[in-house]
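Coordinate inspection notes
Listed below, chain by chain, are the residues.
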Amino acid sequence: MSDEAKQDRERPLLEHITELRLRLLRIVVALIIGATISSFFTPRALEILTDPVGDIELLAISPTAPPIIFFKVALLLGLVLTLPYILYQIYAFIAPGLFTHERRFLLLSVPGVIVLFAAGIAFTLLVLVPFSIPVLQGFLPNIVTHTYTLQDYLSFVTTLLLWMGLLFQTPLVMYTLARLNVIQPANLKRLRKLIIFLAAVM
């Protein structure tokens, strides 16, 4: 094979790698900007996240714990803020390899992903965390004094936020699988109770 032919074969791959690097760079820059903007709202977000513990005093067991927690929450808020842009960058990278109907379906799915993720976060903050904290504090009340570190508590809450945001994507995932004929609507209807039960367990 001639050198020119090899270059013709390698050029598309190099173009894809260059484009991927460019889009990843844009995502990183967007996250930095989003985290910077979110830092102004982080103190209020921390108040909302820690409100369910009530009068329990959260402890910082190292000098670096508060700033680390602050920047983690700011980054998480920045991720939520820039999620539409991140999804667009992912879509723009894979769109050239998709058929027209597949691109249309992805574009229509993006708002659903965002809305369902936001619904999962809202459910966690308004229902799940305020309900679960008193229940967990009710175990061994005469034996255990409930005191949490700031890092452990926020790790618990942010993990719930992430998983519930993902779990709320279940309807969209089921719809996508049905559209792709991976599963049949009749089977989904028959297994509906089992799916709801497994989602609740997860």
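Values in this document were obtained by computation on a predicted structure and should not be read as measured data.

Parameters at a glance
- Residues numbered from 1 in each chain as written.
- Predicted model: local features only at pLDDT ≥ 70, side-chain atom pairs only at ≥ 80, totals over all residues.
- Heavy atoms only, no water.
- Phe/Tyr/Trp six-rings, centres within 6.5 Å; stacked < 30°, edge-to-face > 60°.
- Helix = DSSP H or I, 4+ residues; strand = E, 2+ residues; numbered from the N terminus.
- Buried < 20%, exposed > 50% of the residue type's maximum accessible area, 1.4 Å probe, protein only.
- Polar contact = N/O pair within 3.5 Å; in protein donor to acceptor, adjacent residues only side chain to side chain.
- Contact = heavy atoms within 4.5 Å.
- Patch = residues over 30% accessible without salt bridge, like charges linked within 9 Å, V, L, I, M, F, W, Y side chains within 5 Å.
- Areas by Shrake-Rupley, 256 points an atom, 1.4 Å probe, with all protein chains shown as cover.
- Salt bridge = Lys/Arg side-chain N within 4 Å of Asp/Glu carboxyl O.
- Expected span 1.5 Å × (residues − 1).
- Bend = angle between axes of the 7 residues up to and from the residue.
- pLDDT = per-residue confidence, 0-100.
- Core = buried A, V, L, I, M, F, W, Y, C linked by side-chain atoms within 4.5 Å.

1. Observations concerning the packing of aromatic side chains
Centre-to-centre distance and the angle between the planes together describe a pair of aromatic rings. One pass over the full model with this rule turns up three aromatic pairs. Judged by centre distance (5.7 Å) and plane angle (40°), the rings of Phe123 and Phe168 are tilted. Taken together, the residues span a long stretch of sequence, with Phe123 in helix α4 (residues 100-137) and Phe168 in the loop between α5 (150-167) and α6 (170-179) at a distance of 45 residues. For Phe123, a relative accessible area of 31% puts it in the partly exposed group. Its relative accessible area of 23% is what places Phe168 among the partly exposed residues. Relative to Tyr153, the ring of Tyr148 has its centre 6.5 Å away and its plane inclined at 15°; by these criteria the two rings are stacked. According to the relative accessible area criterion, Tyr148 is partly exposed, its value standing at 21%.

2. A closer look at the side chain of Thr149
Tracing the sequence through the fold places Thr149 in the loop between α4 and α5. Within the structure, Thr149 has its side chain in polar contact with the side chain of Asp152 (distance 3.0 Å). Setting aside its immediate chain neighbours within four residues, Thr149 contacts Leu58, Leu59 and Ile61.

3. A few points about a nonpolar patch on the surface
There is a patch of nonpolar side chains on the surface, built from Leu22, Leu25, Val29, Ile33, Ile37, Phe40, Phe41 and Leu81 and spanning about 810 Å² of accessible area. Classification of Leu22 by relative accessible area gives partly exposed; the value is 40%.

4. Some remarks on α4
Compared with an ideal rise of 1.5 Å per residue, which puts 38 residues at 56 Å, α4 spans 53 Å between its outermost C-alpha atoms and is within 8% of the ideal. The sharpest bend along α4 reaches about 45° and sits at Thr124. Those residues of α4 that fall on the buried side of the exposure criterion are Phe105, Ser109, Phe117, Gly120, Ile121, Thr124, Val129, Ser132 and Ile133. The elements touched by buried residues of α4 are α3 (65-94), α5 and α6.

5. Considering the confidence of the model for the protein chain
Here the protein chain averages 80 in pLDDT, and 92% of its residues register 70 or above. Ranking the elements of the protein chain by mean pLDDT puts helix α7 (residues 185-190) last with 73 and helix α2 (residues 42-50) first with 87. Segment residues 1-10: pLDDT under 50, and two contacts once partners within four positions in sequence are set aside and those in other chains are kept.

6. Topic: the nonpolar core
A general tendency of soluble globular proteins is for nonpolar side chains to be buried together. Counting residues in hydrophobic clusters, the biggest one holds 16 residues, and the most contacted among them are Leu49, Ile69, Val73, Val129, Tyr153, Leu154 and Val157. If you list the elements that add at least two residues to this core, you get α2, α3, α4 and α5. The dominant element in this core, judged by the number of residues it contributes, is α5, at six residues. Discounting chain neighbours no more than four positions away, the residues touching Val157 are Leu49 and Val129.

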